[in-house]
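So the chains spell out like this:
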Amino acid sequence: MGADERAASIEAAVRAILEGIGEDPDRHGLRGTPGRVRRTFEELTEGYRTDPDSILDGASFEVDYDEMVVVRDIELYSLCEHHLVPFFGKAHVGYLPRGRVIGLSKVPRVVDLFAHRLQLQERMTQQIADFLMTRLEPKGVGVVLETTHLCIAMRGVHRPGATMVTSAMLGTFRRDARTRAEFLAFIGQTPAR
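Below is a short write-up of the structure. (Residues numbered from 1 in each chain as written. Predicted model: local features only at pLDDT ≥ 70, side-chain atom pairs only at ≥ 80, totals over all residues. Heavy atoms only, no water.)

One can describe the packing of helix α1 (residues 3-20) onto helix α2 (residues 33-44) by two numbers: an axis separation of 8 Å at closest approach and a directional angle of 120°. Classified by the interaxial angle, the pair formed by α1 and α2 is oblique. Judged by the twist between their axes, the crossing of α1 over α2 is right-handed. Mapping the contact onto sequence places A7, I10, E11, V14, R15 and L18 in α1 and T33, P34, G35, V37 and R38 in α2. A breakdown of the residues in the contact of α1 with α2 according to their chemical character gives six nonpolar, two polar and three charged. (Axes fitted to C-alpha atoms, helices over the stretch in contact; angles between N-to-C directions. Helix = DSSP H or I, 4+ residues; strand = E, 2+ residues; numbered from the N terminus. Parallel < 35°, antiparallel > 145°, perpendicular 65-115°, else oblique. Left-handed = near helix turned anticlockwise from the far one by under 90°. Contact = heavy atoms within 4.5 Å. Nonpolar A, V, L, I, M, F, W, Y, C, P; charged D, E, K, R; others polar.)

Encoded structure:
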């Protein structure tokens, strides 16, 4: 299916949803909605169309540095694959370099690569960690995501204050409690006992 056919298919589906809930898709305020929703979903799912190798291409640098690198409070927005409803929050990513670091802007781009897909938070956390571990080959990687899911806040159990926290610790971050504790301290978390 080509891009034009995909676009027409999405817009037709949005029209069908509007009709299915009893709305008139030709009403003045809704006339452009199918196109707007299509463009929104294209943006929110651009991770499927992003070449993962292009993210780090030319942005890794050989350095004599082996202390922890942490990028925290990276805003993220994703869509729950069960309800197609947003979840959003912050990602905290750390790694222990093995003589090679990546440009600062690349860490949020890695987060976006996986956030801009239909997701489960648990899987996305692991995907970010695995990607950095494989591509960067550090001594270890730590990823913590803290999010609010609108599928729990505005439907179902209606718990708007609930926050979900997931983590993935690889290499030294998994094996060494001191490394893990240092990372958690950098992101304002206390280690579990």
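Now for the pattern of salt bridges. A full pass over the atoms with the stated rule returns 10 salt bridges. Between K139 and D66 there is a salt bridge, with its nearest N and O atoms 3.9 Å apart. Within this pair, whereas K139 is found in the loop between α5 (121-136) and β6 (140-149), its partner D66 is found in the loop between β1 (60-62) and β2 (69-80), the two being separated by 73 residues in sequence. The partner of R178 in a salt bridge is D176, with the nearest N and O atoms 3.5 Å apart. Beyond isolated ion pairs, a larger network of salt bridges with shared partners links E11, R38 and E42. (Salt bridge = Lys/Arg side-chain N within 4 Å of Asp/Glu carboxyl O.)

Before going further, it helps to examine the packing of aromatic side chains. We describe a pair of aromatic rings using the distance from one ring centre to the other and the angle between the two ring planes. In this structure the tally under the stated criterion is two aromatic pairs. Geometrically, the ring pair formed by F173 and F183 is edge-to-face, given 5.4 Å between the ring centres and 75° between the ring planes. Pair noted here: F173 is in helix α7 (residues 172-175) and F183 is in helix α8 (residues 177-186), with a separation of 10 residues, a long-range link. Since its relative accessible area comes to 0%, F173 is described here as buried. (Phe/Tyr/Trp six-rings, centres within 6.5 Å; stacked < 30°, edge-to-face > 60°. Buried < 20%, exposed > 50% of the residue type's maximum accessible area, 1.4 Å probe, protein only.)

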